[in-house]
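Per-entry structural report
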Amino acid sequence: MVIAVASGKGGTGKTTVAVSLAIAASEGTSAKPLLLDCDVEEPNSGLFLDIEYSSGRDTGVLVPEVNLEKCTFCGRCSEVCVWNAIAVAGSKVLVFNDLCHGCGSCSLVCPEGAIEEVTHVTGRIENGTDGSIDFARGILNVGQAMPVPVISSLLKEYLPKPDSSTVIIDSSPGTSCPVVEAVSGSDYVVLVTEPTPFGLHDLKAAVDVVVNQLKIPAGVIINRDGIGNSDVEKYCHTENLPILAKIPMDRRIAEMLSNGIPLLTGLPEYMDMFTSILSTVREEVGK
Amino acid sequence: MKQIVILSGKGGTGKTSLTAALAHIAADRNTLVLADADVDAANLEILLSPEKLEEHSFSGGYKAEIDQNMCSGCGRCLDICRFNAVIPPAPSDSSYRIDRISCEGCNSCVYQCPENAITSYRAVAGAWFVSRSAYGTLYHAEMKAGEENSGKLVTTVKNAAIKKCSEFSDPVLLVDGPPGIGCPVIASCAGADLAVISTEPGVSAIHDLSRILETVRHFGIMPAVCINRYDINPEKTSEIEAFCEKDGIPLLGRIPYDPNVTRSMSKGLPVNAYDPSSPASTAISGIWKEVSSLI
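Residues numbered from 1 in each chain as written. Chains lettered and ligands numbered in written order. Predicted model: local features only at pLDDT ≥ 70, side-chain atom pairs only at ≥ 80, totals over all residues.

Comments concerning the interface of chain A and chain B
Taken together, the contact between chain A and chain B spans 51 residues of the former and 50 residues of the latter. Of all the secondary-structure elements, those providing two or more residues to the side of chain A that touches chain B are α3 (105–109), α5 (177–183), α6 (197–213) and α8 (251–258) of chain A. Looking at the side of chain A that touches chain B element by element, the count peaks at eight residues for α6(A). (Contact = placed C-beta atoms within 7 Å. Helix = DSSP H or I, 4+ residues; strand = E, 2+ residues; numbered from the N terminus.)

Observations concerning the sheet that holds strand β8 (residues 167–170) of chain A
Residue and element names in this part refer to chain A. As summarised here, the arrangement of the nine strands in space is β3-β6-β7-β2-β8-β1-β9-β10-β11, forming an open sheet in which the pairing is mixed. Looking along the sheet, the strands with just one partner apiece sit at the ends: β3 (52–66) and β11 (243–248). Within this sheet the neighbouring strands show an average axis-to-axis angle of 20 degrees, counted without direction. (Pairing = 2+ DSSP bridges. Axes fitted to C-alpha atoms, helices over the stretch in contact; angles between N-to-C directions.)

Section: the sheet that holds strand β2 (residues 32–36) of chain B
All names here are of chain B. Here nine strands make up an open sheet; going across it, the order is β3-β6-β7-β2-β8-β1-β9-β10-β11 and the pairing mixed. Strand pairing shows two members of the sheet lacking a second neighbour, β3 (51–66) and β11 (251–255), which therefore form its edges. Ignoring strand direction, the axes of neighbouring strands in this sheet form an average angle of 20 degrees. The pairing of strand β1 (residues 2–7) with strand β8 (residues 172–176) spans five bridges and is classified as parallel. Residue Q3 lies in a different strand from β8, and its bridge partner there is L173. In this fold helix α11 (residues 279–294) packs onto β1, β9 (194–199), β10 (222–228) and β11, with an angle of close to 175 degrees to the strand it touches most, β11.

Notes on the pairing of strand β9 (residues 188–193) of chain A
Residue and element names in this part refer to chain A. When you tally the buried positions in β9, you get six out of six residues, the bulk of the element. The alternating pattern of β9 places Y188, V190 and V192 on one face and V189, L191 and T193 on the opposite face, and all of these are buried. Two elements, strand β1 (residues 2–6) and β9, share four bridges in a ladder whose sense is parallel. Among the inter-strand pairings, V5 is bridged to a residue of β9, identified as V190. In terms of strand pairing, β9 meets strand β10 (residues 218–225) through five bridges, oriented parallel. Its bridge partner lying in β10, V190 is registered against G219. Handedness of the crossover is the feature at issue here: the chain leaves β9, passes through α6, returns alongside β10, and the resulting connection is right-handed. (Buried ≥ 20, exposed ≤ 12 C-beta atoms within 10 Å, placed from the backbone. Right-handed = clockwise from strand over helix to strand, strands pointing away.)

Describing the domain arrangement of chain B
Interface size is commonly expressed as the accessible area that is lost once the parts come together. Domain boundaries in chain B define domain 1 (2–49 + 134–294) and domain 2 (60–124). Taking only C-alpha atoms into account, the centre of domain 1 of chain B sits 41 Å from that of domain 2 of chain B. (Domains from an automatic or database assignment.)

As for the domain arrangement of chain A
All names here are of chain A. On domain assignment, one finds that chain A holds domain 1 (2–53 + 122–285) and domain 2 (61–120). Taken over C-alpha atoms, the centre of domain 1 sits 39 Å from the centre of domain 2. Every contact between the two is made by four residues of domain 1 and, on the other side, four residues of domain 2. Across the side of domain 1 that touches domain 2, the residue classes break down as three nonpolar, one polar and no charged. (Nonpolar A, V, L, I, M, F, W, Y, C, P; charged D, E, K, R; others polar.)

So this is what it looks like as structure tokens:
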């Protein structure tokens, strides 16, 4: 069972929820759950667990490397590149690695077979464990624009897992391509929001992408319940979205998290909430 | 023109609330232009309650399309697509299809199809708007959920805002940035004179602060830091301040946790328009003074 944790708005508690679900899933079972941090721009879930990293490797985008002995400077590669990542100027071929999306089109159309592809490193994937949870994360290198290739190599390496194990994915905020990449392969998406106008506006966008476009079942967790109004709840009822839990606004939680203490470690009374979310989701997806 | 971008790395640290409150103060100049560069979660509008004047459609990248009558079912497109965007035929039929959401728009399949059965079109990926607010003209956008090219939409919004700035002498452009460090962030901070980084005293925000600082410096932009909800963890606040001092990063100020920030949101007002004497409003006045002296 793969559960992704997402939200339109940032800072609503995705990482808190993802780490809590992973801890709850590790209780009373010998099968370690896997937590995948797909928020590669800001990978933070590892900060809340005592992870010993065992391996890591660089990853990135396949970019063209032109063999100038074979190249006739015909310019076909640059004609087909929609990203303007390759240009032919006289007897030179310029490749702009940071613009390249790694589609391989230039190498396929080159009539001379002069283009090889090499990895342009844009990030890193790492894995480890804290003893009860297996963990892996992707990290986008600073200055790089494209998180998706890092997310996709992370998922390719660690998914799919056998259906019996639980995988929790922590995604980035927003609703654009990195979120789609992170949640597309999951059985269920937990959307974390807060009961404010910002939270509601961004929840609607997240529901649109997850439920309406990707057709993945979803439920909502309302975090910092009590700070705003009841509009989020009304919206969930109208849209028939299950409200999985409400986490009250509690300064103690904010203080603990600011020190890197996971919710369920600092306030074990929340364990039941997350165990019951897991069983609700398991029932829903039938795994 | 002076261009100030509000960033954070981590989401939810108060970028939009801060931007709106700074706008409320800077509006006195009558040369303020605003841009919401968080096109995934465009919330500045909620606080500025503007009146929409113009709407423009935004076409993003290409999307491929297979002409079922011309497709021979050879599967070449499936073999070469690197983005898992080609859906193979179900046992009952023979037609290959494109998954619009996964399609990266590279056009590789268009060139590779031996039957020339694949074409591509520029899809509408969102819209951008020009609106009148009480604080200045607002340029903002809405990305269709699940779309790519948010960086390009950010650039479109910003270019329109910069053009507006040319109508004023000594204009100020205030840009509400997106979270993260990737493509829309890079687009939002291009050409900025100052990056105001809103952070919080917590392990996540501090981790993300170091990455966003590295990012803006990578692009040659001067950063300055303010600490939101500083009283949640005074120890970590001191840690951030010591780090900034050591690194020569200007500190703009501290904002306390203040429930008025959420209340003002429900009223569609910046916090200092809602309650000018609230603790957050007072702190933000001080931050604007620091910002003004830096630019």
